Amino acid sequence: MGLLDNKTAIVTGSSRGIGADVAKLLAGEGAAVVVNYRQKAPRANKIVTEIEAAGGRAVAVGADLTTQEGVQALASAAMENFGSLDVLVLNASGGMESGMEDDYALKLNRDAQVNMLNAAVPLMREGSRVVFVTSHQAHFIDSVPTMPEYEPVARSKRAGEDALRALIPNLADKGISFVVVSGDMIEGTVTATLLDRSNPGAIEARRAEAGKLYSVAEFAAEIARMVTADVETGHTEYAGGADYFGKSTGQAG
């Protein structure tokens with residue numbers, strides 16, 4: 001018996017990296033998983049194949065979360081394929097990519113997160129959980145400076161967290177809990193790679209300062225654990241980066 005038997009989970013941005021690992025971990029606990037991708041269908045289909053080969057259930061759904069159509073399609077896919085929605089992992093984020101419009105980071109990291117949650121809530125049963133994935137660089141941005149190249153993304157992700165937290169009372173009325181998982185820079189992620197490209201040595205410097213950076217697999221395991229952890233709504237789970245807490249003035253949630 002898995003912790004998520006007879007449950008359905010949506011994991012946004014789950015065709016690779018952290019999201020893909022979270023999807024596979026949740027499937028391993030018995031959840032039927034909606035694997036979300038924006039453009040790269042073969043990647044998402046590969047994750048579905050791996051889940052199914054291990055005896056799990058999953059479906060790949062292409063959806064651009066910065067559009068209302070994409071948000072609705074993703075929420076509907078859970079019901080259409082598996083008949084329920086019990087877990088929403090808000091993992092998709094970005095803003096370091098080249099060639100995007102100026103407000104893309106805010107559209108994806110704040111507006112799309114709120115729109116996705118609002119689309120999912122009417123479908124979620126009592127006892128469901130929402131998990132928002134963020135970084136210490138974003139979570140503590142009001143009290144701990146970050147690298148200039150990352151600051152616009154960090155501020156947009158903090159804006160997303162604040163907007164989601166404002167919805168906690170509404171979620172509580174429906175019996176839905178909300179948890180934040182905040183991690184230090186994660187080795188091997190797209191964000192870390194792009195940041196190191198724009199600021200060579202940034203990741204190595206952060207690794208030296210923190211002592212250790214989590215791998216993708218290690219951080220994904222923390223996120224998956226918080227899907228079923230016995231914590232109060234509004235809880236923030238921290239992964240790594242202990243030095244941040246000494247710098248922070250306690251403004252973060």
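Structure shown above.
All of the points below concern the structure found in this document. (Residues numbered from 1 in each chain as written. Predicted model: local features only at pLDDT ≥ 70, side-chain atom pairs only at ≥ 80, totals over all residues. Heavy atoms only, no water.)

## Notes on the environment of Pro42
Structurally, Pro42 is set in helix H2 (residues 41-53). Take Pro42: its relative accessible area is 64%, and that puts it in the exposed class. Along the chain, Pro42 and Ser15 lie 27 residues apart, while their C-alpha atoms are 8.6 Å from each other. (Helix = DSSP H or I, 4+ residues; strand = E, 2+ residues; numbered from the N terminus. Buried < 20%, exposed > 50% of the residue type's maximum accessible area, 1.4 Å probe, protein only.)

## Quick word on helix H3 (residues 68-82)
Across its 15 residues, H3 extends 22 Å between first and last C-alpha, which sits within 8% of the 21 Å expected from 1.5 Å per residue. The largest bend in H3 comes to about 25°, at Ser76. Turning to H3, its buried residues number three or more, namely Gly70, Val71, Leu74, Ala75, Ala77 and Ala78. Where H3 is buried, its residues meet strand S1 (8-11), strand S2 (32-37), strand S3 (57-62), strand S4 (85-90) and helix H4 (104-120). At the exit of H3 stands Gly83, carrying a positive phi of roughly 80°. (Expected span 1.5 Å × (residues − 1). Bend = angle between axes of the 7 residues up to and from the residue. Contact = heavy atoms within 4.5 Å.)

## Topic: the pairing of S4
Burial analysis of S4 places six of its six residues in the buried class, which makes it a mostly covered element. One ladder, built from three bridges, connects S1 with S4; its direction is parallel. Bridge assignment links Ala9 to a residue of S4, and that residue is Val87. Between the parallel elements S4 and strand S5 (residues 124-135), the chain passes through H4 in a crossover that is right-handed. (Pairing = 2+ DSSP bridges. Right-handed = clockwise from strand over helix to strand, strands pointing away.)

## Observations concerning the pattern of salt bridges
Proximity of charged atoms lets side chains of opposite charge pair with each other. Across all of its chains, the model carries 16 salt bridges by this definition. Linking Arg155 and Glu151 is a salt bridge whose minimum nitrogen-to-oxygen distance equals 2.9 Å. On the criterion of helical spacing, the pair formed by Arg155 and Glu151 is a turn pair, its members being four residues apart in helix H6 (residues 151-165). Glu151 gets classed as partly exposed once you look at its relative accessible area, which sits at 29%. Note that Arg165 and Glu161 form a salt bridge whose closest N and O atoms lie 2.9 Å from each other. Taken together, the residues span about one helical turn, with Arg165 and Glu161 both in helix H6 at a distance of four residues. Glu161 carries the same exposure label as Arg165, and that label is buried. (Salt bridge = Lys/Arg side-chain N within 4 Å of Asp/Glu carboxyl O.)

## Some thoughts on H4
For H4, spanning 17 residues, the distance from its first C-alpha to its last is 22 Å, which sits close to the expected 24 Å at 1.5 Å a residue. Within H4, the axis deviates most sharply at Ala112, by approximately 35°.

## Quick word on the sheet that holds strand S6 (residues 177-183)
The seven strands are arranged S3-S2-S1-S4-S5-S6-S7 in an open sheet whose pairing can be described as parallel. Strands with a single pairing partner mark the edges of an open sheet, and in this sheet they are S3 and strand S7 (236-239). Adjacent strand axes in the sheet meet at a mean angle of 20°, parallel and antiparallel pairs treated alike. (Axes fitted to C-alpha atoms, helices over the stretch in contact; angles between N-to-C directions.)

## A word on the side chain of Asn91
Residue placement: Asn91 occurs in the loop between S4 and H4. Side-chain polar atoms of Asn91 contact the backbone oxygen of Gly13, separated by 2.9 Å. Excluding its chain neighbours within four sequence positions, the residues that come into contact with Asn91 are Val11, Thr12, Gly13, Ile18, Gly19 and Val133. (Polar contact = N/O pair within 3.5 Å; in protein donor to acceptor, adjacent residues only side chain to side chain.)

## Some remarks on the packing of aromatic side chains
Applying the stated criterion across every chain, the model contains two aromatic pairs. For the ring pair Phe140 and Tyr238, a centre distance of 5.7 Å and an interplane angle of 20° mean the geometry is stacked. Of this pair, Phe140 sits in the loop between helix H5 (136-139) and H6 while Tyr238 is found in strand S7, placing the two residues 98 residues apart along the sequence. Among the aromatic residues, those joined into a cluster by ring pairs are Phe140, Tyr238 and Tyr244. Its guanidinium or amino end placed over the ring of Tyr214, Lys212 lies 4.8 Å from that ring's centre, counting from NZ or CZ. (Phe/Tyr/Trp six-rings, centres within 6.5 Å; stacked < 30°, edge-to-face > 60°. Lys NZ or Arg CZ within 6 Å of the ring centre and 35° of its normal.)

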